[in-house]
Amino acid sequence: VMRLTKTLALILCFLAGASASSAADSGNERARKLPELRDVRKIYVGDMGTADEADRFRLLLEEQLLKRNFAVVLKEEEADAVLTGVLSVRTYDDKSEARATVRLVSPSGEVMWAKDFGHKRFTVNPFSLQEPTRRRAEEVAEALRRELKRPTRQGP
């Protein structure tokens, strides 16, 4: 009986230790620092959909990111984050419109930033004849640059 009691006590101690270790691990998982936009230095521009202009948009986006002092890498595994999205272009009688929806994702799969860029009712320069796919690439790169410069919120 005494031996059974000691064995049972050892088993209970082991289970309590394992439970505490498991709780500590899940606490560490919650305390794990999520990637922040301000830590992004190198961006890989990934798939931008299947529209006719998608590949061109991807190249224009790389160009615009470089102009705004981002490091654009050609291999996803070298990047701090991956920028992907979709582009759609609509052509009307006298004009065309482009819409882009993009997201920046960390290597571990967390969405760090996402935004939709579409037709604006009021434009800064309504007489601009700038081509819409290029304009969307400029808007995405500029919005991402502004977002990275934005001060981060301090926790409680």
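To be clear, the structure that these remarks concern was listed above.
What you see is a predicted model, and the numbers here were worked out from it, not measured in a lab. (Residues numbered from 1 in each chain as written. Predicted model: local features only at pLDDT ≥ 70, side-chain atom pairs only at ≥ 80, totals over all residues. Heavy atoms only, no water.)

Caption draft 1: A look at the sheet that holds strand 3 (residues 81-91). Strand order across the open sheet formed by five strands is 2-1-3-4-5, with mixed pairing between neighbours. What marks the edges here is a single partner per strand, and that holds for strand 2 (71-72) and strand 5 (111-117). When strand 1 (residues 42-45) meets strand 2, the two strands line up parallel, connected through two bridges. Pairing of lysine 42 across the sheet is with alanine 71, part of strand 2. Lying on the sheet, helix 2 (residues 54-67) is in contact with strand 1, strand 2, strand 3 and strand 4 (96-105); it crosses strand 1 at an angle near 165 degrees. (Pairing = 2+ DSSP bridges. Helix = DSSP H or I, 4+ residues; strand = E, 2+ residues; numbered from the N terminus. Contact = heavy atoms within 4.5 Å. Axes fitted to C-alpha atoms, helices over the stretch in contact; angles between N-to-C directions.)

Caption draft 2: Quick peek at the side chain of glutamate 97. The topology assignment puts glutamate 97 in strand 4. A distance of 3.3 Å separates polar atoms of two side chains, one belonging to glutamate 97 and the other to lysine 95. (Polar contact = N/O pair within 3.5 Å; in protein donor to acceptor, adjacent residues only side chain to side chain.)

Caption draft 3: Region of the structure containing the pairing of strand 3. Relative to strand 3, strand 1 is paired through three bridges, and the arrangement is parallel. If you follow tyrosine 44 over to strand 3, its bridge partner there is valine 82. Pairing geometry for strand 3 and strand 4, over 10 bridges, is antiparallel. Across the sheet, leucine 87 pairs through a bridge with alanine 100, a residue of strand 4. Where strand 3 folds back on strand 4, the antiparallel hairpin that results is connected by four residues.

Caption draft 4: Highlighting unusual backbone geometry. Not every positive phi belongs to a glycine, and asparagine 69 is a case in point at roughly 65 degrees. Turning to its location among the elements, asparagine 69 is positioned in the loop between helix 2 and strand 2. Residue classification places asparagine 69 among the exposed residues on the basis of a relative accessible area of 74%. (Buried < 20%, exposed > 50% of the residue type's maximum accessible area, 1.4 Å probe, protein only.)

Caption draft 5: Examining the packing of helix 2 against helix 3 (residues 132-149) more closely. For the pair helix 2 and helix 3, interaxial distance at closest approach is 8 Å and the crossing angle is 40 degrees. The pairing of helix 2 with helix 3 is recorded here as oblique in orientation. Here helix 2 and helix 3 pass one another in a crossing that is right-handed. From helix 2, Arg56, Phe57, Leu60, Leu61, Glu63, Gln64 and Leu65 reach across to helix 3, where they touch Thr133, Arg134, Arg136, Ala137, Glu138, Val140, Ala141 and Leu144. Of the residues contributing to the contact of helix 2 with helix 3, the split by class is eight nonpolar, two polar and five charged. (Parallel < 35°, antiparallel > 145°, perpendicular 65-115°, else oblique. Left-handed = near helix turned anticlockwise from the far one by under 90°. Nonpolar A, V, L, I, M, F, W, Y, C, P; charged D, E, K, R; others polar.)

Caption draft 6: Structural view of the pattern of salt bridges. On inspection of all chains with the given rule, the structure shows 12 salt bridges. Between glutamate 63 and arginine 134 there is a salt bridge; the shortest N-O distance is 3.5 Å. Of this pair, glutamate 63 sits in helix 2 while arginine 134 sits in helix 3, placing them 71 residues apart in sequence. Residue classification places glutamate 63 among the partly exposed residues on the basis of a relative accessible area of 32%. Using a relative accessible area of 28% as the deciding quantity, one classes arginine 134 as partly exposed. As a salt-bridge pair, arginine 136 and glutamate 139 come within 2.6 Å of each other at their nearest N and O atoms. (Salt bridge = Lys/Arg side-chain N within 4 Å of Asp/Glu carboxyl O.)

Function cannot be inferred from these measures alone, as they are strictly geometric.
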